[in-house]
Amino acid sequence: MEKKKMKLWKKILLVVLAIFILYSIYIIRNFIIISNIVNVSKEYATKTNYIANLYSIQGNSVNVSKSYNKDGKYLSLIQTKVNDINNSIKLTVYKSDNEGLAIIESGDSKTAILNNNVIGGIYLNTFSNLYDGDILQKLFFSAITRISTEECNNIECYHIEISSGWKVWIDKENGTIVREINGGFVTERRYEFDVVKDEDIVKPDISDCKIQK
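Keep in mind the model is a prediction, meaning the values are calculated, not measured.

A. Local environment of the overall build of the chain. The helix and strand inventory of the chain stands at three helices and twelve strands. Its C-alpha radius of gyration of 24 Å places the chain more than 25% over the 17 Å reference for a compact globule of 213 residues. The C-alpha extent of the chain, read off along each of the three principal axes, is 95 × 35 × 30 Å. Per-residue burial for the chain yields a buried fraction of 38% across its 213 residues.

Now the structure itself:
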């Protein structure tokens, strides 16, 4: 009887050890992937010349944006549709070193706001912007995260998911966030790097606008 008990305990210990080893391998794999994504995305997080395309949905609101960015100067075109897709609000934001303006279009109304502090750029969203913890934080994050490889918008991505329902698709090549789902909020992004020229960022014509300062 004692020998049978000993054999049973050995089997249980072997199973526990096997689970521990497998889980350790799982954590180490995730840790390596997360560290690599952070390192790659840091390089692109400092880019100052890019086009950012953004599409987001929350409830009955749809937001479509395109932003030309070059060395701190930008021109963003943003359209928001709520409920009736034929009734939308358009926002154009221009920002240079010493000038800023926003044009708001809704129905027949067109207003230009002249203000150097106006903001409306679409900034790079990389994995390092989203997460860059120390070693212990990365280990914890690796333990609670599921990571797989998946194609998203024809881009080879890491699909990262944690138990809270947060999901994100990361471009393997540059660490930018391609798609993010957080609760009822869905956002898709696409970037083009080092293609913006000065002529792409031109101050909009406001001659037909009501001026507000």
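B. Examining the side chain of N49 more closely. Considering the arrangement of structural elements, one finds N49 in strand 1 (residues 49–58). Accessibility expressed as a relative area gives 13% for N49, which makes it buried. One polar contact links the side chain of N49 to the main-chain amide nitrogen of V195, over a distance of 3.1 Å. A polar side-chain atom of N49 sits 2.9 Å from the main-chain amide nitrogen of V196. For N49, the contacting residues outside a window of four places in its chain are N69, K70, E192, F193, D194, V195 and V196.

C. How the structure looks around the sheet that holds strand 10 (residues 177–182). The strand order across the open sheet built from twelve strands is 7-8-9-10-11-1-2-3-4-5-6-12, with neighbouring strands paired in mixed fashion. Looking at the sheet topology across the chains shown, the edges are occupied by strand 7 (145–152) and strand 12 (210–212). Strand-to-strand twist across the sheet, computed as the mean angle between neighbouring axes with direction ignored, equals 15°. Each of strand 7 and strand 8 (155–162) is contacted by helix 3 (residues 135–144), which is oriented at about 70° to strand 7, the strand it contacts most.

D. Geometry of the packing of aromatic side chains. One pass over the structure, following the stated rule, counts five aromatic pairs. On the basis of an interplanar angle of 80° and a centroid distance of 6.3 Å, the ring pair of Y74 and Y123 is categorised as edge-to-face. Within this pair, whereas Y74 is found in strand 3 (residues 73–82), its partner Y123 is found in the loop between strand 6 (109–114) and helix 2 (127–130), the two being separated by 49 residues in sequence. Overall, Y74 belongs to the buried group, its relative accessible area being 4%. Ring pairing ties together the aromatic residues Y44, Y50, Y191 and F193, which thus form one cluster. Just above the ring of Y158 sits the side chain of K172; from NZ or CZ to the centre is 4.9 Å. Across the ring face of W169, the terminal group of R179 is positioned such that the distance to the ring centre comes to 5.3 Å.

E. Main features of helix 3. Within helix 3, burial applies to K138, F141 and S142. Each buried residue of helix 3 lies within a common arc of 100° when the element is viewed along its axis, so the set occupies one face. Along helix 3, the residues that are exposed and aim more than 90 degrees away from the buried face are L136 and F140. For helix 3, the N-terminal cap is D134; the gap from its side-chain oxygen to the backbone nitrogen of L136 is 3.2 Å.

F. Up close: the layout of surface pockets. By volume, the largest pocket is sized at about 160 Å³. Of all elements in the fold, only strand 8 and strand 11 (185–193) reach the threshold of two or more residues within the lining of the largest pocket. Residue contributions to the lining of the largest pocket peak at four residues, all from strand 11. Its residues placed into classes, the lining of the largest pocket shows four nonpolar, two polar and six charged.

G. Layout of the pairing of strand 7. Across eight bridges, the pairing between strand 7 and strand 8 is antiparallel. Looking at strand 8, one finds that E151 is bridged to E156.

H. Structural context of the nonpolar core. Of all hydrophobic cores here, the largest spans 15 residues; its most connected members are I34, I37, F127, F141, I160 and I170. For this core, the elements supplying multiple residues, two or more each, are helix 1 (2–45), strand 8 and strand 9 (167–171). Among the nonpolar cores identified, the runner-up in size contains eleven residues, and I51, Y68, L75 and L101 belong to it.

I. Representation of the state of the cysteines within the structure. Under the criterion given, the structure shown has zero disulfides. C152 provides the cysteine sulfur closest to C157, a residue in no disulfide bond, and the two sulfurs are 5.1 Å apart. Residue C157 is classed as buried on the basis of its relative accessible area, which comes to 0%.

Calculation notes
Residues numbered from 1 in each chain as written. Predicted model: local features only at pLDDT ≥ 70, side-chain atom pairs only at ≥ 80, totals over all residues. Heavy atoms only, no water. Helix = DSSP H or I, 4+ residues; strand = E, 2+ residues; numbered from the N terminus. Rg over C-alpha atoms; globule rule 2.2 N^0.38 Å. Buried < 20%, exposed > 50% of the residue type's maximum accessible area, 1.4 Å probe, protein only. Polar contact = N/O pair within 3.5 Å; in protein donor to acceptor, adjacent residues only side chain to side chain. Contact = heavy atoms within 4.5 Å. Pairing = 2+ DSSP bridges. Axes fitted to C-alpha atoms, helices over the stretch in contact; angles between N-to-C directions. Phe/Tyr/Trp six-rings, centres within 6.5 Å; stacked < 30°, edge-to-face > 60°. Lys NZ or Arg CZ within 6 Å of the ring centre and 35° of its normal. Arc of directions from axis to C-beta. 1 Å grid on protein atoms, 1.4 Å probe; cavity = no way out; pocket = protein on both sides within 12 Å on 5 of 7 lines; lining within 4 Å. Points joined across faces, edges and corners; volume = space filled by probe spheres on them. Nonpolar A, V, L, I, M, F, W, Y, C, P; charged D, E, K, R; others polar. Core = buried A, V, L, I, M, F, W, Y, C linked by side-chain atoms within 4.5 Å. Disulfide = S-S within 2.5 Å.

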